[in-house]
Number of protein chains: 2
Amino acid sequence: MTHTEKGNNISNATIARMPGYLRYLRDAKSAGRDYLSSSTIAKDMAISSVLVRKDLALVSSAPGRPRYGFEVAGLIRDIEKFLGYDNLSAAVVVGAGGLGKAFLGYEGFQNYGLNIIAAFDIRRTEESVRGKPVYPMELLPSFIRENNIKLGIITVPKASAQAVCNALVQSGIRGIWNFANTQLSVPSSVVVKNVDLAASLALLSGELAGLLQQEK
Amino acid sequence: MTHTEKGNNISNATIARMPGYLRYLRDAKSAGRDYLSSSTIAKDMAISSVLVRKDLALVSSAPGRPRYGFEVAGLIRDIEKFLGYDNLSAAVVVGAGGLGKAFLGYEGFQNYGLNIIAAFDIRRTEESVRGKPVYPMELLPSFIRENNIKLGIITVPKASAQAVCNALVQSGIRGIWNFANTQLSVPSSVVVKNVDLAASLALLSGELAGLLQQEK
DNA sequence: ATACAATCGATAAAAAAATATCGAATGTAG
DNA sequence: CTACATTCGATATTTTTTTATCGATTGTAT
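Computed from a predicted model, the values in this text were never measured in an experiment.

A. Layout of the protein's contact with DNA strand C. Neighbouring DNA strand C are 21 residues; Ser11 and Arg17 of chain A together with Ser38, Arg53 and Gly64 of chain B lie closest to it. In the interface set of DNA strand C, defined as its atoms within 4 Å of the protein, sugar plus phosphate atoms amount to 71%. A distance of 2.8 Å is found between a base nitrogen of DNA strand C and a side-chain nitrogen or oxygen belonging to arginine 53 of chain B. Between DNA strand C and glycine 64 of chain B there is a distance of 2.9 Å, counted from a phosphate oxygen to a backbone nitrogen or oxygen. Where the surface near DNA strand C is concerned, the elements lending two or more residues are helix 1 (12–30) and helix 3 (49–59) of chain A together with helix 2 (38–45) of chain B. Considering every element that reaches the surface near DNA strand C, the biggest residue donor is helix 3 of chain A, with three residues. Partitioning the surface near DNA strand C into residue classes produces eight nonpolar, seven polar and six charged.

B. Local environment of the pattern of salt bridges. Residue and element names in this part refer to chain A. All told, the structure shown has 16 salt bridges over all chains when counted by the stated rule. Taking the shortest distance from any N to any O, the salt bridge between aspartate 44 and lysine 43 comes out at 3.8 Å. The closest approach of N and O atoms between glutamate 126 and lysine 101, which form a salt bridge, is 3.1 Å. Highlighted residues: glutamate 126 in the loop between strand 4 (114–121) and strand 5 (128–129) and lysine 101 in helix 5 (residues 98–105), separated in sequence by 25 residues.

C. Seen up close, the interface of chain B and chain A. Listed per partner, the contact involves 56 residues of chain B and 56 residues of chain A. For the chain B and chain A pair, buried surface summed over both sides reaches about 5100 Å², with 66% attributable to carbon and sulfur atoms. The salt bridge partner of aspartate 27 of chain A is lysine 158 of chain B, with a shortest N-O separation of 3.2 Å. The tally of links between chain B and chain A comes to eight residue pairs in polar contact (both at pLDDT 80 or more). Looking at the side of chain B that touches chain A, the elements with two or more residues in it are helix 1 (12–30), helix 5 (98–105), strand 8 (175–178), strand 9 (191–194) and helix 8 (197–214) of chain B. For the side of chain B that touches chain A, the per-class residue count stands at 31 nonpolar, 15 polar and 10 charged.

D. Looking closely at helix 5 of chain B. When you tally the buried positions in helix 5 of chain B, you get six out of eight residues, the bulk of the element. Inspection of helix 5 of chain B places Leu99, Gly100, Ala102, Phe103, Leu104 and Gly105 of chain B among the buried residues, and these make up the whole buried set.

E. Expanded view of the sheet that holds strand 9 (residues 191–194) of chain A. All names here are of chain A. Across the sheet, which stays open at both edges, the seven strands sit in the order 5-6-4-3-7-8-9 with mixed pairing between neighbours. Edge positions in the sheet fall to strand 5 and strand 9, since each has one partner strand and no second. Pairing analysis gives four bridges linking strand 3 (residues 89–94) to strand 7 (residues 151–154), with the strands arranged parallel. Residue pairing in the sheet places valine 92 in a bridge with glycine 152 of strand 7. Helix 5 rests against strand 3, strand 4, strand 5, strand 6 (132–136) and strand 7 of the sheet, and its axis sits at about 145° to strand 4. Along the sheet, helix 6 (residues 140–147) makes contact with strand 3, strand 4 and strand 6, crossing strand 4 at roughly 160°.

F. Broad picture of the protein's contact with DNA strand D. As a structural note, the neighbourhood of DNA strand D is formed by 21 residues, with Ser38, Arg53 and Gly64 of chain A together with Arg17 and Lys54 of chain B the closest of them. Here the atoms of DNA strand D within 4 Å of the protein split so that 67% fall in sugar or phosphate, with bases taking the remainder. Side-chain polar atom of arginine 53 of chain A to a base nitrogen of DNA strand D: 2.9 Å apart, as the coordinates give it. Glycine 64 of chain A places a main-chain nitrogen or oxygen 2.9 Å from a phosphate oxygen of DNA strand D.

G. Summary view of the side chain of aspartate 121 of chain A. Residues and elements named next belong to chain A. Summarising the element assignment, aspartate 121 is placed in strand 4. In this structure aspartate 121 is buried but unpaired, with arginine 123 as the nearest side chain of opposite charge at 7.4 Å. Apart from residues lying up to four places away in sequence, aspartate 121 is in contact with Gly95, Ala96, Gly97, Tyr135, Pro136 and Met137.

Here is what the cut-offs are and how they apply
Residues numbered from 1 in each chain as written. Chains lettered and ligands numbered in written order. Predicted model: local features only at pLDDT ≥ 70, side-chain atom pairs only at ≥ 80, totals over all residues. Heavy atoms only, no water. Near = heavy atom within 4 Å. Polar contact = N/O pair within 3.5 Å; in protein donor to acceptor, adjacent residues only side chain to side chain. Helix = DSSP H or I, 4+ residues; strand = E, 2+ residues; numbered from the N terminus. Nonpolar A, V, L, I, M, F, W, Y, C, P; charged D, E, K, R; others polar. Salt bridge = Lys/Arg side-chain N within 4 Å of Asp/Glu carboxyl O. Contact = heavy atoms within 4.5 Å. Buried area = accessible area lost by both parts, 1.4 Å probe. Buried < 20%, exposed > 50% of the residue type's maximum accessible area, 1.4 Å probe, protein only. Pairing = 2+ DSSP bridges. Axes fitted to C-alpha atoms, helices over the stretch in contact; angles between N-to-C directions. Lys, Arg positive; Asp, Glu negative; His and termini not counted.

In structure tokens form, the structure reads like this:
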């Protein structure tokens, strides 16, 4: 569960904020900002400046300069390195339904170190999506082994998710990004990250309900 | 920020776990389980039983019975009510690209109280997706007003997200589920929930990097 | 009828995360 | 050159979240 070779113990909350910093800093950089103070970042991102300094100190050794703040380029580099985005990792998506195809066609993941190179599906309705191949499931194990893929994305329906997961694991996948609404069981050598869109929706609908309620 | 009319102060962490409970309980119910103990739920969901009891106590007044546990049906009902899923809310998605179309075609959101009834896009490449209409952007304001839509989903590219957001807000939308990787500015009367897929990916890639590192 | 095991619910403790405070550093303006 | 405002970085405090503990309840088996 440690994140770097140094055995640093960085909280999930901090890790989860990192893409936000990265996005913000990249935007700022392309807008011509070379230095940014923690208070500026904090104001723009609506968090506290102390938290910003603490988070950044955990992933970057670049010191902030009084009166100037932090060097944007250095922060970007360090965050990318921390998140492992410097070595783009190839991934496959299993399940070429709506969500799977959306992922296959979305170039934005490249900014986050993810390079989806192929999709697999039982019912192969297309040969490719935006130039990326869709293969039948039978080819999954050999493809993963031959290309040394470490990361798989599951976008199949709940009913077949565990079977797909097993196939991935047996082929040597080490990380799974699971969009099926189900709990997967995997050996401890494999990391699973569940994305629960419903959880996000819950937060929204909860706040919205509270808001509409107040007005009555 | 309160969630119910009673002014209960329920943490985001708890709210975010609710869809997980709901999913689990629905599965259990359809598998014929009528009663479940907190320890059983805890084991299956890989959290602590105390946390389960605490979470459930916050949203449900149904008492657990010693030796039996909790009545599944009652919990489901209370959680759905808490999350506002009992009154299905209509929503529109703006941006009929890959992700937008995926949402439009995905019936699963109905289980979570979300009924997507139409999509809007500048470039209208299809007339409908799985029977749901895709309209040109010009019709957005009138459609929202006439159908009294309260919730909008943004799946357009970053560059046009704020403009879409403004259009939604001016038409009377009160909640926005934002999948564009950008910070939206809205009046305080509108709730925004950002879904940052990259943040989820960060957690996975971070853990994966740590794991692969250890083995070297 | 009685002992027992499973379970809840409440309170206490611990752990984790966020925020506040303050001295030190450093460039800028007068 | 000196006063000053800004900012960092470290430490302390507060708040939030999770986990531990334990008495009370209740159905079941003997």
